[in-house]
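Residue-level listing of the chains:
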Amino acid sequence: MASAMLKFKKYWDDVHILMGVAAIFDPWYKMRLVEFFLPLIYGEEASTKIQEVRSNCYDLFQDYKSKLSAPHDSLASSSSEVTSYTQCDWLLSFDRFVASTRATVEKRSELDMYLEDDLLPRTPSFDNLSWWKTNGLKFPTLQKMARDLLAIPVSSVASESTFSTSGRYSIV
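Along each chain, the written sequence defines residue order, and numbers are assigned to residues from 1. The model is predicted, so local features are restricted to residues of pLDDT at least 70 and side-chain atom pairs to those at 80 or more, both for listing and for counting; the totals for chains, interfaces and linings are taken over all residues. With hydrogens and water set aside, each side-chain value is computed from the structure's full complement of heavy atoms.

Draft legend 1. Representation of the packing of aromatic side chains within the structure. Within 6.5 Å between ring centres, the rings of Phe, Tyr and Trp (the latter by its six-membered ring) count as paired, and their orientation is classed by plane angle as stacked under 30 degrees, edge-to-face over 60, tilted in between. Under the defined criterion, the tally for this structure stands at eleven aromatic pairs. Cluster of aromatic residues (ring-pair linked, three or more members): Phe25, Tyr114, Trp131, Trp132 and Phe139. Consider the ring centre and the ring normal. A charge sits over the ring if Lys NZ or Arg CZ is within 6 Å of that centre and within 35 degrees of that normal. One residue, Lys30, lies across the ring of Tyr114, its end atom 4.4 Å from the ring centre. Residue placement shows Lys49 over the ring face of Tyr42; its charged tip is 5.0 Å from the ring centre.

This is the structure:
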C-alpha cells in the first residue's frame, strides 16, 4: 500500500495546482479554500504552493484574456465601421471615449475583482454553473475559464490509479 501512496503522490504533485485553480472558481470558496487547505497538506511549504496556484491562475487568466480579446477587437473595429453609417457622430465619439478611458479605469483585472468580492453564503440549492452563467457579463473571461475548468472530471485519475494499483486491468 505504501508504494501505491507514492503513485498517488506523483499524481497529486502534478494535479494539485489545477485542482487549486479549479477550486478558486467556486464563489463559495475562491482563494480562501486554497489558503486554508494547503497549509494542512504541505505545512511549511504551503506559502510556496499557494503562490504556485495563484500564479498559475493569473497566467491562465492572461492566456484566456489574450485569446479572447484578439477576435473581439477585430469585431469591435469592423462593427464600428458599419455602425458609423447608421448612428450619430456623437454616439461614435462617445464609444471612442469609453474605449480610450477603459484602459485607464481598469487597473484591476476581472480576476482581481472576483477574488476581492466577498464569498457567497453556502446554500444547499446553489448551482455553481448557473452562477457563472448569470455573472458572465461581469466576468466574461473568468466565465469561459470556469466553463473549461469545471468540466474536467475529477475522478479520471483516481479510477485509473485504482485499477492499476489493484492489479485489475480493463479489456479495451
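Draft legend 2. Quick peek at helix α2 (residues 30–42). Numbering goes from the N terminus for both helices and strands, where a helix is a DSSP run of H or I of at least four residues and a strand is a run of E of at least two. Given a helix with a known number of residues, its expected span is that number minus one, times 1.5 Å. End to end, α2 covers 19 Å across 13 residues, agreeing with the expected 18 Å (1.5 Å per residue, within 8%). Relative accessible area decides the class of each residue, using a 1.4 Å probe on protein chains only: under 20% of the type maximum gives buried, over 50% gives exposed, and in between gives partly exposed. When α2 is considered as a whole, its buried residues turn out to be Lys30, Met31, Val34, Leu38 and Tyr42. The buried side chains of α2 occupy one side of the element, clustering within an arc of 70° when seen end-on. Structural note: α2 exposes Arg32, Phe36 and Leu40 on the side pointing more than 90 degrees away from its buried face. Just downstream of α2, Gly43 is the residue with a positive phi angle, here 65°. Arc definition: it is the arc formed by the directions from the helix axis to the C-beta atoms.

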